[in-house]
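Residues per chain, in single letters:
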Protein chains: 2
Amino acid sequence: MIRIAIIGGGNVAIHLAKAFSKTKDISLVQMYARNSQQITHLKHLVTITNNLDLLATADVYIIAVSDDAIAKVSEKIDKKNSLIVHTSGSASLNTLKNNGRKGVFYPLQSFSKDKEVNFDEIPFCLETENKEDFKTLEKLAKSIGKKIYPINSKQRKSLHAAAVFVNNFTNHMYKIGADICEEYQVPFEVLHPLIKETAQKITTLSPKESQTGPAKRNDQETILNHLTLLTKEQQKIYQLITKSIQNNGEKL
Amino acid sequence: MIRIAIIGGGNVAIHLAKAFSKTKDISLVQMYARNSQQITHLKHLVTITNNLDLLATADVYIIAVSDDAIAKVSEKIDKKNSLIVHTSGSASLNTLKNNGRKGVFYPLQSFSKDKEVNFDEIPFCLETENKEDFKTLEKLAKSIGKKIYPINSKQRKSLHAAAVFVNNFTNHMYKIGADICEEYQVPFEVLHPLIKETAQKITTLSPKESQTGPAKRNDQETILNHLTLLTKEQQKIYQLITKSIQNNGEKL
């Protein structure tokens, strides 16, 4: 039985707490949030505190707070014999300032407050200072999920940057698509199946192989036609990405 | 019973022929391809010709050829009493040069040669010159699919431009994500679940509401960190889209 405590009151902390509280081999002994109001709805699942000095004994403390609070919070956790991990995609392992063993337990997904999370689908990116601790984090991840990757701090930072492209920037492409539809009074839902298919396609073909369209074909007539329909800001983005696609499919 | 003929030997023509040949209320009487080799594998489903002078009589001729061939091909179809439609997202109705009734039968999806198509999921964007013809196209679309939208030429052009953003440009964001992963030796599959989730999210929330990440939060530290990991071309794209996201969520 591994005893864990979760530090944080945000989406990641709450979703992890719900998932771990359902497992058999992991004991969620406590949850901390500075503002414990955020998590009082979990009090039937776990003991709650808003005082770091009152932390219960656990084998692993999972810190799920904002990046800029990781150092400060970890410094205050006075548990030399425990493994202390954070859940951030962009903070390095050494952001942790506890006296003792450190690790990272990063579930790579965009969590929303009100949406149920299926951890079976979510990759867990794990990093530790020694093999024994890696096995512990692996057990934690396997108790709620399936996909586990050893990812060091440098790799995780690059992964986080890549995630900005495939998540935030992709979402912005959707936003522009929706704006164009609104401008010309077409329901955006017409594009939903294409969006779904585009996302599915790259699970069987590489993005490079999947590419189609006027930029790839260098179809100048269609490109010019499209530009006439766009605002100045949309045009800038259209032109830059078109040029980038046409860059012979070279690594960018 | 509506009799149709399909003109073209590419992916759209082939997928439509396969779908229509399975319906009960539509009779696929003939298929034409300049290079009939492209479609000989369909000869058990439909009569094939490579000579436009030998076109059989049909109620509707569906022209599924490249945009720049629509005018020339439609001009050669000498069937004054039939409805002639093209399947293009970017060509206007008047690209058709036949003497007679014109229409557009545009299935909005990115078709791949080897991938089965589920037409139930694909929006059919229809345009005609009169209501009677619209009903005919609606019957055709309903015989193989479910989602039907009346979309005029101007709307269709804007939709095609929006499709470039949500399909080609989104795919390019995936490409850059994959390049970053390759550079830092992280398996790109780690990002597949996030890509899937990002695409699913906008079917319940608007893209504007769905946005998260360092650009949205104006998290300069993370943004600068990411930029140090990127090539010059990736940096340009990162900075332009970040700026656009930060443009107060205004319509672009």
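Residues numbered from 1 in each chain as written. Chains lettered and ligands numbered in written order. Predicted model: local features only at pLDDT ≥ 70, side-chain atom pairs only at ≥ 80, totals over all residues. Heavy atoms only, no water.

(A) Expanded view of the interface of chain A and chain B. Taken together, the contact between chain A and chain B spans 89 residues of the former and 89 residues of the latter. Interface area, chain A with chain B, both sides summed: about 8600 Å², of which 67% is carbon and sulfur. Our count for the contact surface shared by chain A and chain B stands at 2 salt bridges. A salt bridge links A:Glu121 to B:Lys196, with the nearest nitrogen and oxygen atoms 3.9 Å apart. (Contact = heavy atoms within 4.5 Å. Buried area = accessible area lost by both parts, 1.4 Å probe. Salt bridge = Lys/Arg side-chain N within 4 Å of Asp/Glu carboxyl O.)

(B) Seen up close, the sheet that holds strand β2 (residues 26-32) of chain B. All names here are of chain B. If you trace the 8 strands from one edge of the open sheet to the other, you get β3-β2-β1-β4-β5-β6-β7-β8, paired in mixed fashion. Pairing within the sheet leaves two strands with one partner each, and these edge strands are β3 (48-49) and β8 (147-150). The pairing of strand β1 (residues 2-7) with β2 spans 6 bridges and is parallel. Paired with Ile7 across the two strands is Tyr32, which belongs to β2. Most of the contacts of helix α3 (residues 131-144) go to strand β7 (residues 123-128), to which it runs at about 165°, and overall it touches β1, β2, β4 (60-63), β5 (83-86), β6 (101-107), β7 and β8. (Pairing = 2+ DSSP bridges. Helix = DSSP H or I, 4+ residues; strand = E, 2+ residues; numbered from the N terminus. Axes fitted to C-alpha atoms, helices over the stretch in contact; angles between N-to-C directions.)

(C) Molecular detail of the environment of A:Glu233. For A:Glu233, the position within the fold is in helix α9 (residues 232-246). For A:Glu233, a relative accessible area of 23% corresponds to the partly exposed category. Between the alpha carbons of A:Glu233 and A:Ile176 there is a distance of 9.9 Å; along the sequence they are 57 residues apart. Only 2.9 Å separates the side chain of A:Glu233 from the side chain of B:Asn247, close enough to count as a polar contact. (Buried < 20%, exposed > 50% of the residue type's maximum accessible area, 1.4 Å probe, protein only. Polar contact = N/O pair within 3.5 Å; in protein donor to acceptor, adjacent residues only side chain to side chain.)

(D) Expanded view of the packing of aromatic side chains. Residue and element names in this part refer to chain A. Evaluated as defined, the whole model comprises 14 aromatic pairs over all chains. Both rings, one in Phe20 and one in Phe105, keep their centres 6.2 Å apart while their planes meet at 40°; by these two values the pair is tilted. In this pair, Phe20 is assigned in helix α1 (residues 11-20) and Phe105 in strand β6 (residues 101-107), connecting sequence segments 85 residues apart. As far as the burial class goes, Phe20 and Phe105 line up, both buried. Between Phe165 and Phe169, the ring centres sit 5.0 Å apart and the planes meet at 80°, which makes this aromatic pair edge-to-face. (Phe/Tyr/Trp six-rings, centres within 6.5 Å; stacked < 30°, edge-to-face > 60°.)

(E) Geometry of the relation of the copies chain A and chain B. Overlay of chain A on chain B (RMSD 0.0 Å): rotation 180°, translation along the axis 0.0 Å. Those values place the two copies in the arrangement expected of a two-fold rotation axis. Distance from the rotation axis, computed per C-alpha, reaches its smallest value in chain A at A:Thr170: 2.6 Å. Most of the interface of chain A is mirrored in chain B: 100% of its interface residues are interface residues there too. (Least-squares fit on C-alpha atoms with pLDDT ≥ 70 in both.)

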